[in-house]
Amino acid sequence: MIRIALIEPRSAGCALIDRAAELGWQPVVLTADREERRVPARHLGLAAEVHRIDTNDDAAVLALLRTLHADRAFHAVLPGFEHYVPLAAAAAAELGLPGLSAGTARTLRLKHLMREAVAAAGLPQPRYAVVAAESELAAALALVGFPCVVKPVDQSGSLNVRRADDPEQALAAFRAVHDYGTGYLGRRGLPLVLVEEYISGPEFSVEGFVEDGRAQVLAVTEKLLGPEPWFVETGHLLPARLGEADRRETEQYALEVVAALGLQLGPFHLELRRSAAGPRLMELGARLPGDRIPDLLRLAGGGDLYELALRCHAGLPVARPVARPTAQAGIRYLLRPELTSYQNLLVEPEVTADPRVREVGALIEPGRPIPPPGSSAARLGYVLAAAADHPSTVEALDLAERGLRFEPRPPAAPTRLEPRMGRHVLVLNRWNNRFAEYHRYLDHRADRVSYLTTEAGAGPLDAAQAERIVVLPDLADRAAVHAAAAELAAETGPFTHVLALSEFDLELGGELRERLGVPGKRPAEVRLVRDKVVMKAAVAAAGLRVPTNRPVETAEQVREFAATDGYPFVLKPRGGADSQGVHVIGEPADLERVLAAGEDLTGYQCEEFIDGNLYQVDGVVAGGELRTIRSWRCVGSCLDFATGTPFGSVVNDDAEFEARVVEFARGVLKALDLTDEVFHLEVFRANGTDELVFLEIGARAGGGQLRFVWEEVYGLDLIEASVHVQLGLERDYPTAEVGGEVGGYLMMPEPPVRPCVVHEVSSLLAEVPEVYAEALPPAGTVLDGNGGAVHTAGAYRFRAASSEQIRQAIDVAVKLYRIDWSPVADGDLDG
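One structure accompanies this document, and this report is about it. (Residues numbered from 1 in each chain as written. Predicted model: local features only at pLDDT ≥ 70, side-chain atom pairs only at ≥ 80, totals over all residues. Heavy atoms only, no water.)

**Re the overall build of the protein chain**
For step 1, the next point in the chain: A count of helical and extended segments in the protein chain gives 24 helices and 37 strands.
For step 2, the next point in the chain: In summary, the protein chain has a C-alpha radius of gyration of 30 Å against a globular reference of 28 Å for 831 residues, a match within 12%.
For step 3, the next point in the chain: With the C-alpha coordinates aligned to their principal axes, the bounding extent of the protein chain is approximately 100 × 60 × 55 Å.
For step 4, the next point in the chain: Within the protein chain, buried positions represent 55% of all 831 residues. (Helix = DSSP H or I, 4+ residues; strand = E, 2+ residues; numbered from the N terminus. Rg over C-alpha atoms; globule rule 2.2 N^0.38 Å. Buried < 20%, exposed > 50% of the residue type's maximum accessible area, 1.4 Å probe, protein only.)

**Here we look at the pattern of salt bridges**
For step 1, the next point in the chain: Taken as a whole and assessed by the stated rule, the structure comprises 68 salt bridges.
For step 2, the next point in the chain: With a shortest N-O distance of 3.8 Å, Asp717 and Arg440 are connected by a salt bridge. Of the two residues, Asp717 is situated in the loop between helix 22 (706–714) and helix 23 (718–727) and Arg440 in the loop between strand 19 (424–429) and strand 20 (448–454); the sequence distance between them amounts to 277 residues.
For step 3, the next point in the chain: Given the relative accessible area of 10%, Asp717 is considered buried.
For step 4, the next point in the chain: Of the charged contacts in the structure, one is a salt bridge between Asp531 and Arg527, with a shortest N-O distance of 3.5 Å.
For step 5, the next point in the chain: Since its relative accessible area comes to 36%, Arg527 is described here as partly exposed. (Salt bridge = Lys/Arg side-chain N within 4 Å of Asp/Glu carboxyl O.)

**Here we look at the packing of aromatic side chains**
For step 1, the next point in the chain: A complete count under the given rule lists 13 aromatic pairs for this structure.
For step 2, the next point in the chain: Between Phe435 and Phe708, the aromatic rings sit 5.4 Å apart at their centres with planes inclined by 40 degrees, giving tilted as the arrangement. With Phe435 in the loop between strand 19 and strand 20 and Phe708 in helix 22, this pair connects stretches of sequence that are 273 residues apart. In this pair, the class of Phe435 matches that of Phe708, namely buried.
For step 3, the next point in the chain: Each ring, one from Tyr615 and one from Phe657, has its centre 4.8 Å from the other, and the planes form 50 degrees; the classification is tilted. (Phe/Tyr/Trp six-rings, centres within 6.5 Å; stacked < 30°, edge-to-face > 60°.)

**A look at helix 3 (residues 58–71)**
For step 1, the next point in the chain: With 14 residues, helix 3 ought to run about 20 Å at 1.5 Å a step, and its terminal C-alpha atoms sit 20 Å apart, in line with that.
For step 2, the next point in the chain: Along helix 3, the residues that are buried comprise Val61, Leu62, Leu64, Leu65, Leu68 and His69. Seen along its axis, helix 3 keeps its buried residues to an arc of 165 degrees; they face one direction. Opposite the buried face of helix 3, by more than 90 degrees, sit the exposed residues Ala59, Thr67, Ala70 and Asp71.
For step 3, the next point in the chain: Buried positions along helix 3 lie against strand 1 (3–7), strand 2 (26–31), strand 3 (49–52), strand 4 (76–79) and helix 4 (85–95). (Expected span 1.5 Å × (residues − 1). Arc of directions from axis to C-beta. Contact = heavy atoms within 4.5 Å.)

**Some details on the nonpolar core**
As a rule of thumb, soluble globular proteins bury nonpolar side chains together.
For step 1, the next point in the chain: Grouped together as the largest cluster of nonpolar side chains are 73 residues, with contacts concentrated most on Ile4, Val668, Leu672, Phe679, Leu681, Phe694 and Ile697.
For step 2, the next point in the chain: The element contributing the most residues to this core is helix 21 (residues 655–671), with seven residues.
For step 3, the next point in the chain: Every residue in contact with Phe679, bar those within four places of it in the chain, is listed here: Val617, Asp618, Gly619, Val620, Val621, Leu626, Ile629, Leu669, Ile697, Gly698 and Arg700.
For step 4, the next point in the chain: Membership of the second largest hydrophobic core comes to 66 residues, among which are Ala436, Ala466, Val651 and Met748. (Core = buried A, V, L, I, M, F, W, Y, C linked by side-chain atoms within 4.5 Å.)

**Remarks on the packing of helix 3 against helix 4**
For step 1, the next point in the chain: Between helix 3 and helix 4, the least distance of the axes is 10 Å, while the angle of their chain directions is 40 degrees. In the crossing of helix 3 with helix 4, the sense of the turn from one axis to the other is right-handed. Across the interface between the two elements, Asp58, Val61, Leu62, Leu65, Arg66 and His69 of helix 3 pack against Leu87, Ala90, Ala91, Glu94 and Leu95 of helix 4.
For step 2, the next point in the chain: Split by residue class, the contact of helix 3 with helix 4 holds seven nonpolar, one polar and three charged. (Axes fitted to C-alpha atoms, helices over the stretch in contact; angles between N-to-C directions. Left-handed = near helix turned anticlockwise from the far one by under 90°. Nonpolar A, V, L, I, M, F, W, Y, C, P; charged D, E, K, R; others polar.)

**Digging into the sheet that holds strand 25 (residues 583–585)**
For step 1, the next point in the chain: With antiparallel pairing, four strands are arranged side by side in an open sheet as 23-26-24-25. Here the strands that pair on one side only, and so sit at the sheet edges, are strand 23 (549–552) and strand 25. Across this sheet, the average inter-strand angle for adjacent strands is 25 degrees, counted without regard to direction.
For step 2, the next point in the chain: Looking at chain direction, strand 24 (residues 569–573) and strand 26 (residues 604–608) are connected through five bridges and run antiparallel. Bridge pairing links Phe569 to Glu608 in strand 26.
For step 3, the next point in the chain: The strands touched by helix 17 (residues 532–541) within the sheet are strand 23, strand 24 and strand 26, with strand 26 carrying the most contacts at an inclination of about 40 degrees.
For step 4, the next point in the chain: On the sheet, helix 18 (residues 555–565) packs against strand 23, strand 24 and strand 26 and is oriented at approximately 160 degrees with respect to strand 23. (Pairing = 2+ DSSP bridges.)

**What to know about the sheet that holds strand 19**
For step 1, the next point in the chain: Strands sit in the order 21-20-19-22 across an open sheet of four strands; the sheet is parallel. This sheet does not close on itself; its edge strands, each paired only once, are strand 21 (468–472) and strand 22 (497–500). Each strand axis lies, on average, 15 degrees off the axis of its neighbour in the sheet, ignoring direction.
For step 2, the next point in the chain: Note: strand 19 against strand 20, six bridges, orientation parallel. Counted as the bridge partner of Leu426 is Ser450 from strand 20.
For step 3, the next point in the chain: Along the sheet, helix 15 (residues 506–516) makes contact with strand 19 and strand 22, crossing strand 22 at roughly 170 degrees.

Shape descriptors only; they carry no functional weight alone.
Right, here's the structure in full:
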C-alpha cells in the first residue's frame, strides 16, 4: 500500500488527505494541531496516522520522518501548504524519495529569488527591487515607479500585499510588511520587502503539473479581485474567457517560466496579468492551487489535480493525455467590509433550488469577528457553481450572490446565558412517542417552529402551537424533504436552526443546514459521527485504541480482511444503527454463510472483534465543556438482543474506573471536535488487558430504556438537553456522580417466530423490589421483528443502592419473565 507523508495540510492540502484515502493509500499527517495550524476533523479522520509536532521546527520534523520511514517506508513527502515546500523537499531528498531540489524549492518559495531566476532566463516580467531597510526604499521606488505593488517575499493569501500610488503609501506598506514579525502559521518571515511594477490588466492563473521534467498545462483560470489597494481574490472562473491566440500565448509563457524556475515534479499554480504587451508573471507556487480551483477543474470536466499531485510525488506514472475542461465552473467569494460580525447567513430558496449552484457556505462562523479587509481571511462565504458555458455559470453566481445575505449582529446581542427570542426552528421528526412532544422543550410562543414529519410522527406534535406541520411519506426521500424544506423557507422565512434528533436523520439535518444556509453541522461534520470508519480513524489519530478496521465493498475484500486479520471479526454497515446488518464472523463457515446470502456490501466495514465488556457512556458537552457524564455496563449486547437474547445495562459505581472512562471520553470528544452535543459513546473494557477500546459514538441521546432511567433516576431529560444544546441555551445539568443511587434497565427480545401476537406478559413490579417501572406490550400487540429497542417484548427499569444489586435483580427478572404468544397465520394481518 502506498504510504505518503503530508506536512501541515491547509486548504487544498486537506483535500489531498481525502483523495489519498479514496485511492486506498495511507496518508500520514504531521500537524501542530493548534491555532492556525489545525486540520479540520473531517479531513484528519481519514488519515492513516496523525503525528502532532511543531511543524515549524524543521529539525524535529525531519527527525520524526526519518524514524517513521525507517519503521515503514514512505513513497512520498508532500507539503500540505506553500510554506512547507522547502521542508518537504528537504525531507524527500534525505529519504531518497521523489521531490524538488533544495535550490528549486527555495527559489519557488521566495519571491525575490523567483524574480531573479525569471530575469536570468530573459523572460518579460514586472520591474522589481528588493528592499531590506527603510533607507533603501527611495531608490527602489525610483527604479520601479508609480503605481507600484509592495509585498512580502515569503507570505501567502495576499497577506500585506498592497498597491501604493505615492511615497507615503509605499512607506506605510513597507512598514506593514517589515514590522509584521511572526507571519501566517507562526513562521517568522524574512525582513525583506519586494517592490514591483504595477501591471494593469486582467489577472489569470495557469494550472498544470510536471512529470519527469515534462510540464503540461491543464487550464487557464480567470481571477476576480476585490477593490484595490489590496489584491484579495474574490472569485475564479475556469476556463478563462480568452481568445485562442491569447490562451496559447499565456500557456506558452507559463511553460517557459516553469522551465526557468527548474520545476521538475508536481503541480504548479502560476499567477499572471495580461498587459497590453502580453503576459507578465506575478508569482508561481509549486503546489496545488487553493480556493477550490482543483474542484472547479473537475466540475468543468478536466483532470484530477489532487491525484496528479499525489502520483507525481510518489513517482507513479500519469496516464496521458490528461483531460482539458469541456464545461465551465466558477467560485465567488463574498466580502462585506462594512461588517465586523454577523449572526446568520440567509439563503433565498431560489439559490438552493438552482441546479447550477453546487455549494453555498460560510467561511467565518456566525458571531466570530471578521478580520479587516486586506487578505483572504476577510472572506465571509462562497458560492460554487457549474454549467455548460460561461454565461450560464456567471448568471448562477450572480443570482446566488444576490440571494445570500449576512444578517448583521445586533449592537446588544443577547449572551449565551439568556434564551434568544424569535428563533425560527425546523424540526425533522420520525418519533411517534412522547419524545416527539417538542412543545415540552421549545416555547412555541417565543419561537416559530415548523415540522417535517412522517405520518406516524405527526400524532404527538402540538398542531395548535406549530407554525406549520408538513407530513411526508418517508424522510428517507431526500428530494422530497429538500423540496418541502425549501418551500417552507420560502413561505415562512429563513430558518435559524434545524433540529434532527434521531440518528437516522443526522445526515439529512446536515444537508438541510447546508442547502438552507443555516448554522450548525454540515454533512462533512456529521460524517464524523455517522461513518464508523472515518470516526475510528479520527479517534485513532488522537492516540486512543480502536479496533482494527477496513472499509469493504465486495465479498472478496471481506475475505481479504479475514485472511490478513483472522477470526473472529465483525462485518457491519459504516453508517448503521441498532445493530442492523451486523454479523459476527467466528470462522470461515460463518463467513461463507453470510456472503452466500447475497447481501449488498456497499458501505460496509470489517472490524476486529474485541473480547471484553461493553460500556455505554452518555453525557452532555456544551461550549466545549463536559457538563455531565455516566457510564453503564451492558448485560449482553445490542447484536445479541437483535438476535433473540435479553439485553440490559447497569450504571457503573466503580469510581476509579469511572475516572478512566471520563478521561477517555474527553479524548474522543476532542478527536471528533464535538463541543455542543448530547452524546452516546460505546467502549469496550478488554478482557486480559483491561484497556479501553473505542467502538463508536452517536451525536444523540442513547436509545432503549436509557433515556427514561436518566430522567427518572438522575433528573435529566436527554431529549430536552439535546434541544437546548443545539439551540445554544445555557442551563444547569445534574452531575450524576458516583456515590448516589444507581439505575439500570432490561429489555426482552421478541419471540423467535414472527410475526406473532402477544396474549400476556408478566408484570415484575410486585416480584422484584428493584423494578420501579415497566413497559409491557398489551394483549393483542403484534410483534413483527422490526421493533428494535423501541417496541420490545417487555422492558423493565431498576433502581438500587449499588450496581451489583441491580445486576442480581436483572438475573432474577430474566428467570421470572414470562410471555404468552402465538404465531400469526398467513392472511391474519390482511385487511
